[in-house]
Amino acid sequence: MLKSFLSFIAFILAGLQGVAAQSYVISGIEKTDKDQMQYEVLGKVDGRYWIYKNNQGISTIAQYNDQMQLVKQNDLTFLPSQVQQIEFVKRADQLFAFYQFQNNKTVYAALATLNIDGQLNGEPIILDTAQNIRPGSRVKIFNLIESDDHQKILMFSVNTSNPASIKIKTHSYNGGFEEIADATISINSKNKKSTLSDFALDNKGNLFCLRNTTQDSAAPAVSLIYLSEGGREVI
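Rules of the game
- Residues numbered from 1 in each chain as written.
- Predicted model: local features only at pLDDT ≥ 70, side-chain atom pairs only at ≥ 80, totals over all residues.
- Heavy atoms only, no water.
- Helix = DSSP H or I, 4+ residues; strand = E, 2+ residues; numbered from the N terminus.
- Buried < 20%, exposed > 50% of the residue type's maximum accessible area, 1.4 Å probe, protein only.
- Contact = heavy atoms within 4.5 Å.
- Areas by Shrake-Rupley, 256 points an atom, 1.4 Å probe, with all protein chains shown as cover.
- Pairing = 2+ DSSP bridges.
- Axes fitted to C-alpha atoms, helices over the stretch in contact; angles between N-to-C directions.
- Polar contact = N/O pair within 3.5 Å; in protein donor to acceptor, adjacent residues only side chain to side chain.
- Salt bridge = Lys/Arg side-chain N within 4 Å of Asp/Glu carboxyl O.
- Phe/Tyr/Trp six-rings, centres within 6.5 Å; stacked < 30°, edge-to-face > 60°.
- pLDDT = per-residue confidence, 0-100.

1. Overview of the overall build of the chain
Secondary structure assignment for the chain yields one helix and 16 strands. In the chain, which comprises 235 residues, the proportion classed as buried is 39%. Here the contacts in the chain between residues at least 6 apart in sequence split such that 38% fall between residues at least 24 apart. For the chain, the exposed surface amounts to about 13000 Å²; the carbon and sulfur share of it is 48%.

2. Some words on the sheet that holds strand 15 (residues 207-214)
Here we have three strands laid out as an open sheet, ordered 14-15-16, and antiparallel in their pairing. Either end of the sheet is taken by a strand with one partner, and the two such strands are strand 14 (193-201) and strand 16 (221-227). Neighbour-to-neighbour, the strand axes of this sheet turn through a mean angle of 25°, independent of strand direction. As paired strands, strand 15 and strand 16 are joined by seven bridges and run antiparallel to one another. Paired with Leu210 across the bridge in strand 16 is Leu224.

3. Regarding unusual backbone geometry
Unusually for a residue other than glycine, His150 sits at a positive phi of about 65°. If you trace the backbone, His150 turns up in the loop between strand 10 (142-146) and strand 11 (152-159). Take His150: its relative accessible area is 41%, and that puts it in the partly exposed class.

4. Looking at the sheet that holds strand 13 (residues 179-188)
Within the open sheet, the four strands sit side by side as 10-11-12-13. Their pairing is antiparallel. Lying at the two open borders of the sheet, with one neighbouring strand each, are strand 10 and strand 13. The mean inter-strand angle of the sheet, taken between neighbouring strand axes irrespective of direction, is 20°. In terms of strand pairing, strand 12 (residues 165-174) meets strand 13 through nine bridges, oriented antiparallel.

5. A look at the side chain of His171
Checked against the element boundaries, His171 lands in strand 12. Engagement of the side chain of His171 in a polar contact is seen with the side chain of Asp128, the distance being 3.1 Å. Beyond its immediate chain neighbours, meaning those up to four positions away, His171 contacts Leu127, Asp128, Ile153, Leu154, Met155, Glu179, Ala181 and Asp182.

6. Structural notes on the pattern of salt bridges
Summed over the entire model, instances satisfying the criterion amount to five salt bridges. One salt bridge connects Asp117 with Lys72, and the closest N-O pair in it is separated by 3.1 Å. Of this pair, Asp117 sits in the loop between strand 8 (106-114) and strand 9 (125-130) while Lys72 is found in strand 5 (residues 70-75), placing the two residues 45 residues apart along the sequence. Look at Asp117 and you get partly exposed, because its relative accessible area is 29%. What makes Lys72 partly exposed here is its relative accessible area of 26%.

7. As for the packing of aromatic side chains
Inspection of the entire model under this criterion finds eight aromatic pairs. Note on Tyr52 and Phe88: the rings are 5.0 Å apart at their centroids and 50° apart in plane angle, and the pair reads as tilted. Separated by 36 residues along the polypeptide, Tyr52 in strand 3 (residues 48-55) and Phe88 in strand 6 (residues 83-90) bring together distant segments of the chain. Like Tyr52, the residue Phe88 is buried in the burial classification. Considering the side-chain rings of Tyr99 and Phe101, the 6.1 Å spacing of their centres and the 25° angle between planes classify their relative orientation as stacked. By the burial criterion, Tyr99 is buried, and Phe101 matches it.

8. Concerning the pairing of strand 15
Pairing of strand 14 with strand 15 involves seven bridges; the strand directions are antiparallel. Following the sheet pairing, Ser197 is matched in strand 15 by Leu210. A loop of five residues connects strand 14 with strand 15, the two strands running antiparallel in sequence, and Gly205 in this loop sits at a positive phi of about 90°. Counting the residues that bridge the hairpin from strand 15 to strand 16 gives six residues, and of these Ser217 lies at a positive phi of roughly 60°.

9. Quick notes on the confidence of the model for the chain
The predicted model of the chain has a mean per-residue pLDDT of 83, with 81% of residues at 70 or higher. Within the model, pLDDT remains below 50 along residues 16-25, and this stretch shows six contacts once partners closer than five positions in the same chain are excluded.

Written as structure tokens, this is what we have:
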């Protein structure tokens, strides 16, 4: 989740308080950090703290050592100028950047891999697309969730244009973002209006979510839906 420039300052101050009884060195705010900057602390990759920054549309990965001194900083120049969403999946020696962008009426879900230097490894790949999306809507189409053991990743989209028959499209990956399976599932709810929420992925790659159903002349109902990895079983 992206945070503001002011909370970035608070993050550094909190770090100072946490090491008040120890010696430390800190480089301070970088010249490129603007008031409108948003950031996300990604954690440690190859022994360094990685922070994603967005300064007025310019995306950057900054790497800091244990003393919070800036070691290197790379702009993510491969990103389109109008990125609608960006999320990161961290591993010990690399970082996956999952992002969405729109061109005309098509929304693209793309994946880029960054090496330990924060530089692009290979070329970004398109994972999926969604058609007939109103330009400028900036709606989030694709969702990404990860299992607790980090060995399973699921990308999914939910089509609710027909509330009586919700369609879920899924792509299952292993922990290295290699695709295992894909599926399209319809959840029928005849004469009822349903929405899905609270998605979760277990360590076997099975998807769980809640179906919230509004019924005419009846109280709303909530039920649990189970989708096995690859969509082979729906309960």
